[in-house]
Amino acid sequence: MPRIVRPWRQDKSRFLVIYIYSCPEKVAKTVYNYLMADMHEKKEAVELPLDTRLLSDAVIELNISRKNVGIYPPGHIQITKSIDRAYEILQRMFEIRPEMTLGVAKDTLVVGRDYLDQRNPVYRDFALSMNQQGIAAVTFIKGLDRDELTRFHRVLTTRPEDIRAAGGIEKVIEEAAIQHIRIKAVDYGSFHLTEESEIIRPASKKEKAASTIWQDFVSNLVADTLAGPGKGPSVDDTSMIDPKELAKLLNERRLQSRAAVESYERIITEYVRYVAERKQPTKEQSATLAKLNSLVKELHPELRKQFLSTAFRHIATESRTRPEDLLGGFPDDMVIEMLRNASEEGREISPTLAGLMQKLASVGVKEDARPGPAQSPEIKSAPVITEDKMKRLFDRETYEQYVGEDYDATLKALTERSLSPLGLGGGVSDFPIEEYLESLEDRHLDFQIGRALLAFMEEDIDEEDYAEFSRKLIDVMPDLLESGNFYLLLDILETLRRHSKEKPQPKVREHAEKVLEVFSDQGFVNQAVSAFDRWARTKGREAADFLLALGPAAVPGLMDLFSMDETPGGRKLLFDLLCNFGEPTLNEAVKRLGDPRPFFVRNLVMLIRSAGRSAHAVHIKPLLNHPDQKVRLEVIAALLRFKDHAAIQLLREALRSKDPDVASQAVFIAGQYRVSAVTEDLLSMIKKVILFEADYTVNEEIIKALGEIGDPRAVPELERLAKTSWSLYPQGLAKMKLTLFESLSRYPRESMEGLIKIGERSEDERIRRIAKKLAEKRG
């Protein structure tokens, strides 16, 4: 049964954040409540509570049908079947209420003021699919037909950038003519900054005194990107923004890089002009530049290159002062990267800047030449290179012919100084060697190669180039599997499917189809299943998404993995993945019901119970004669879910079993499926005479099951238990009474008068609180 958790208390006065997608979990939930407030505050009628099991089934079927719509071409039988199942569940929901609203708070689904169990991967998957499209809430309205549901899933499975290019999610939904599904998009214009610790760090008095330029930079960036004119963050807030967190938002494209580069250029221009005129930067300028340097160091390489190229352009064109004066505020590794970028871009490098590089190469040796333990006698000074020769080093046409011993010694000196514990002038270097070494690992190299190939193929290139890149992509795909780059593989698969339909050149479409054949090859699919098994602990969700996109060909291999786990239900990730495949999984499970391993047959029945329909009851009924009792109990549970009335008698027989473990499991099943027909049977099992303390535990199990059913016939016996005042085991009695009052929420209110009065007179404060709440609801 899905678990619903009460979220933390909302305080709507100080909860908005810079961007909902980068929020911590609790803030995202609060943002959702704010966005949804206007949808609920005018509703006077109290809505009936949703049946949580029915809600769970609806979300599962919606997620399966969404994935099938994204995987299979229009009209495919898998789409039709999964849409039909989702439609049937929604019709049952509409019998309870005419509308069902699901809120989206990052990776969490919210219903009313409650949010669904975050541990359920299906809930998270469906929430994320809407989250990435900027949907804050979706309402399914009575009258919804199958075509509308299919069109809605088409929108959800469209690339977010295509949705944005089409005018945003609200416009796309409107143009799709989906009248019975209403969405509420995230309104970023309402957001401003708060003091959230994940984004903002405390600032000292000294930092606050020198933060005006940095405030302007952040305010302009955020105002241009999110808030609009006059709606940006306050000066007090922006002074505390952590550069590393701001870099993270830029890296993830949560903020516009264009606005950031433009603001950075304004600050650098002012800095260069000021230093050229006065030689010495102010403390405020130095503090701001230090923050900007911290920001730039955390950026992705391409974005960092834009920032450094902007700085280099203004420094290189300033002739009124020495370059080293202008570059004094930048770390030496950043200066080296500026020069390297300029070389790669083919820019002309002035003799003074070339001379500066020579100084960078030698200053580490000269300044470290002081005697001391840190100085190695084996280090030799790099040979002097003239400014003219240094300039030639950056000439793209003569670069390779000119690399000689002196240039090699210069590079070696630079490298040793960057990688050594000592930085320029004897200070400690902050060169992130671990980060760079990590970037050379296979998984990172495979990712960069695959991403580059895919980027080339996205361009408008001729057939021969596309064919060549296709061949290289086929070669690298096994390495991507081995290194666990599942998201890139998924991106490749989706891109090629699009190319096979949308690329204008017929030959290019043929090449895309040829690469797609690799994904459907059973050998490759088997390798993907093996990779899923290897990476399940660290990249399980990524691998599961990729396998789901590969299609039903992965089911047999996954079922083989499933058969090796003896724990009930096996690994949750694998169980949920198999459920998401729907009909192919059910067909494979039915084929294997004759397996001699009882634990595997039990897990297969659990799989059919979770993902199947009433039509599958015929396949599992023969297992009621299975020699293993656990298998028989799982079959009873499945038949109850499928509304098979024959299961009620089987459940009664299990309740009367002489085996206490069997009877206990049957009690749990009765409560799980709320089988009111066995209420009298459960009441007859209650221990009226307590001989052992364990008897109270038995009673608690029965009380919980009766509470799930909520049949008023149980109330008189509950009153008798609540009035019990003496026992050989007072602690066990007290615990049973508390369990009793905690289980009363499903009983009709008019039947609980006597229990409420008993609870109000209880010596247990917790019971009195529960009784008070029940009385308030009754009133």
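Predicted model only: the values in this text are computed from it and were never measured.

**Here's the deal with the overall build of the protein chain**
Point 1. Regarding its fold elements, the protein chain presents 40 helices and 6 strands.
Point 2. For the protein chain, the residues scored as buried account for 51% of the 779 residues in total.
Point 3. Pairs at least 24 residues apart make up 72% of the contacts formed inside the protein chain by residues separated by at least 6 positions.
Point 4. Accessible surface, the protein chain: about 39,000 Å² in total, of which carbon and sulfur atoms supply 51%.

**Looking at the packing of helix α33 (residues 646-655) against helix α34 (residues 660-672)**
Point 1. For the pair α33 and α34, the least separation of the axes is 8 Å and the interaxial angle reads 140°. When the interaxial angle is binned, α33 and α34 end up oblique. Facing α33, whose interface residues are Leu 651, Ala 654 and Leu 655, α34 presents Val 662, Ala 663, Ala 666, Val 667, Ile 669 and Ala 670.
Point 2. When its residues are assigned to classes, the contact of α33 with α34 shows 9 nonpolar, no polar and no charged.

**Description of the nonpolar core**
Point 1. If you look at the biggest cluster of nonpolar residues, it comprises 157 residues, and the most contacted ones within it are Phe 140, Leu 496, Phe 519, Phe 546, Leu 558, Leu 651 and Leu 682.
Point 2. Dropping the residues within four chain positions of it, Leu 651 is found in contact with Ile 636, Leu 640, Ala 666, Ile 669, Ala 670, Val 675 and Val 678.
Point 3. Val 261, Tyr 264, Met 338 and Ala 342 belong to the second-largest nonpolar core, a separate cluster that totals 28 residues.

**Digging into the pattern of salt bridges**
Point 1. Here the structure, examined in full by the defined rule, presents 35 salt bridges.
Point 2. A salt bridge links Lys 735 to Glu 700; the nearest nitrogen and oxygen atoms lie 2.9 Å apart. With a gap of 35 residues between them, Lys 735 in helix α38 (residues 730-742) and Glu 700 in helix α36 (residues 694-709) connect regions that are remote in the sequence.
Point 3. A relative accessible area of 8% places Glu 700 in the buried class.
Point 4. Overlapping salt bridges, with partners in common, bring together Arg 66, Lys 67, Asp 125, Arg 541 and Asp 545 in one network.

**What about a nonpolar patch on the surface?**
Point 1. A cluster of nonpolar residues, Val 689, Leu 691 and Phe 692, forms a patch on the protein surface that exposes about 350 Å² of accessible area.
Point 2. Along the chain, Leu 691 falls in the loop between α35 (679-685) and α36.

**Examining a negative patch on the surface**
Point 1. A cluster of acidic side chains, namely Asp 462, Glu 463, Glu 464 and Asp 465, defines a negative patch on the protein surface.
Point 2. Following the sequence through the fold, Glu 463 ends up in helix α23 (residues 463-482).
Point 3. For Glu 463, a relative accessible area of 33% translates into the label partly exposed.

**Comments concerning helix α30 (residues 598-611)**
Point 1. Helix length check: α30 (14 residues) gives 20 Å between terminal C-alpha atoms against 20 Å at 1.5 Å per residue, within 8%.
Point 2. The buried count for α30 comes to 12 of 14 residues, which makes it a mostly enclosed element.
Point 3. Among all positions of α30, only Phe 599, Phe 600, Val 601, Arg 602, Asn 603, Leu 604, Val 605, Met 606, Leu 607, Ile 608, Arg 609 and Ala 611 are buried.
Point 4. The inward-facing, buried residues of α30 abut α27 (555-562), α28 (572-581), α29 (583-591), α31 (617-620), α32 (629-641) and α34.

**Quick notes on the pairing of strand β5 (residues 135-141)**
Point 1. Extensive coverage of β5 is indicated by the burial of 7 of its 7 residues.
Point 2. Pairing geometry for strand β2 (residues 99-105) and β5, over 5 bridges, is antiparallel. Paired with Thr 101 across the two strands is Thr 139, which belongs to β5.
Point 3. In this structure, β5 lies alongside strand β6 (residues 181-185), joined through 5 bridges in antiparallel fashion. Residue pairing across strands places Ile 135 opposite Ala 185, the latter belonging to β6.

**Overview of the packing of α28 against α30**
Point 1. It is the contact of α28 with α30, at a shortest axis distance of 10 Å, that shows an interaxial angle of 50°. In terms of orientation, α28 lies oblique with respect to α30. The crossing of α28 and α30 is right-handed. Across from Phe 575, Leu 578 and Cys 579 in α28, the residues of α30 making contact are Met 606, Leu 607, Ser 610 and Ala 611.
Point 2. Class assignment of the residues belonging to the contact of α28 with α30 gives a composition of 6 nonpolar, 1 polar and no charged.

**Overview of the side chain of Ser 65**
Point 1. For Ser 65, the position within the fold is in helix α2 (residues 52-71).
Point 2. Using a relative accessible area of 0% as the deciding quantity, one classes Ser 65 as buried.
Point 3. Among the polar contacts listed, one links the side chain of Ser 65 to the backbone oxygen of Leu 62, at a separation of 2.9 Å.
Point 4. When sequence neighbours within four positions are dropped, the list of residues in contact with Ser 65 reads Ser 82, Ile 83, Ala 86 and His 153.

**Some remarks on unusual backbone geometry**
Point 1. Unlike most non-glycine residues, Ala 177 shows phi in positive territory, near 55°.
Point 2. Summarising the element assignment, Ala 177 is placed in the loop between α7 (169-175) and β6.

**Quick look at the environment of Thr 495**
Point 1. As for its placement among the helices and strands, Thr 495 is situated in helix α24 (residues 486-502).
Point 2. Take Thr 495: its relative accessible area is 0%, and that puts it in the buried class.
Point 3. Here the alpha-carbon distance between Thr 495 and Glu 458, two residues 37 residues apart in the chain, equals 8.2 Å.
Point 4. In this view, Thr 495 contacts Arg 159, Leu 454 and Glu 458; residues no more than four positions away in its chain are not counted.

**Looking at the packing of aromatic side chains**
Remark: the centre distance and the inter-plane angle together describe each pair of aromatic rings, the angle taken between the planes.
Point 1. Using the criterion set out here, one finds 8 aromatic pairs in the structure.
Point 2. Seen from their ring centres, Phe 140 and Phe 152 are 5.9 Å apart, and the 85° between their planes marks the pair as edge-to-face. Here Phe 140, found in strand β5, pairs with Phe 152, found in helix α5 (residues 146-156); they are 12 residues apart in sequence, far enough to count as distant. Of the two residues examined, Phe 140 and Phe 152, each falls in the buried class.

**Here's the deal with helix α13 (residues 283-297)**
Point 1. A rise of 1.5 Å per residue sets the reference length of α13, with its 15 residues, at 21 Å; its end C-alpha atoms lie 21 Å apart and thus fit the reference within 8%.
Point 2. Three or more residues of α13 are buried, namely Gln 285, Thr 288, Leu 289, Lys 291, Leu 292, Asn 293, Leu 295 and Val 296.

**Here's the deal with the side chain of Asn 580**
Point 1. Relative to the elements of secondary structure, Asn 580 occurs in helix α28.
Point 2. Exposure remark for Asn 580: the relative accessible area of 9% places this residue in the buried category.
Point 3. When sequence neighbours within four positions are dropped, the list of residues in contact with Asn 580 reads Asn 63, Ile 64, Lys 67, Val 122 and Leu 548.

**What to know about the pairing of strand β3 (residues 108-111)**
Looking along a regular strand, one sees the side chains alternate between the two faces of the sheet.
Point 1. Residues Thr 108 and Val 110 of β3 are buried on one face, and the alternating residues Leu 109 and Val 111, pointing to the opposite face, are buried as well.
Point 2. Hairpin connection of β2 to β3: 2 residues between the antiparallel strands, including Lys 106 at a positive phi of 65°.

**Looking at the confidence of the model for the protein chain**
Point 1. Of the residues in the protein chain, 69% reach a pLDDT of 70 or more, and the chain-wide mean stands at 75.
Point 2. Residue range residues 1-49 is modelled with pLDDT below 50. Its contacts to residues more than four positions away, or to other chains, number 112 contacts.

Rules behind the numbers
Numbering of residues starts from 1 in every chain and runs along the sequence as written. Two thresholds apply to this predicted model, a pLDDT of at least 70 for residue-level local features and 80 or more for giving and counting side-chain atom pairs, whereas whole-chain, interface and lining totals are computed over all residues. Each side-chain value is worked out from all heavy atoms of the structure, with water and hydrogens disregarded. The way it works is that DSSP assigns letters per residue, a run of H or I at least four long becomes a helix, a run of E at least two long becomes a strand, and they are numbered from the N terminus. Throughout, exposure labels follow a simple rule: accessible area from a 1.4 Å probe, protein chains only, divided by the maximum for the residue type, with under 20% read as buried, over 50% as exposed, and the rest as partly exposed. The criterion used for residue contact is that any of the two residues' heavy atoms lie within 4.5 Å. In short, Shrake-Rupley with a 1.4 Å probe defines the accessible areas, and a residue's cover is counted only from the protein chains shown. Axes here refer to lines fitted to C-alpha atoms; in helices the fit is confined to the stretch in contact. Angles between the N-to-C directions go from 0 to 180 degrees. Put simply, angles under 35 degrees are roughly parallel, angles over 145 are roughly antiparallel, angles from 65 to 115 are roughly perpendicular, and the rest are oblique. Residues are sorted three ways: Asp, Glu, Lys and Arg are charged, Ala, Val, Leu, Ile, Met, Phe, Trp, Tyr, Cys and Pro are nonpolar, and all the rest, Gly among them, are polar. For our purposes a nonpolar core is just a set of buried Ala, Val, Leu, Ile, Met, Phe, Trp, Tyr and Cys residues, chained together by side-chain atoms within 4.5 Å. The term salt bridge refers to a side-chain nitrogen of Lys or Arg lying within 4 Å of a carboxyl oxygen of Asp or Glu. What makes a patch is a set of residues exposed beyond 30% relative accessible area and free of salt bridges, joined within 9 Å when like-charged and within 5 Å when nonpolar (Val, Leu, Ile, Met, Phe, Trp, Tyr). Charged residues are defined here as Lys and Arg on the positive side and Asp and Glu on the negative side; His and the ends of the chain fall outside this count. One atom stands in for each charge, and that atom is NZ of Lys, CZ of Arg, CG of Asp or CD of Glu. Here the expected span of a helix is defined as 1.5 Å times the quantity of residues minus one. Between any two strands, pairing holds if DSSP finds at least two bridges. Here is the rule for handedness: rotate from the far helix to the near one, and if that takes an anticlockwise turn smaller than a right angle the crossing is left-handed, while a clockwise turn gives right-handed. Polar contacts here mean pairs of N or O atoms no more than 3.5 Å apart (in protein, one a potential hydrogen donor and the other a potential acceptor; neighbouring residues in sequence count only if both atoms are side-chain atoms). The pairing test for Phe, Tyr and Trp rings, Trp by its six-membered ring, is centres within 6.5 Å, and the orientation test on the planes gives stacked under 30 degrees, edge-to-face over 60, and tilted for anything in between. pLDDT measures the predictor's confidence residue by residue and takes values from 0 up to 100.

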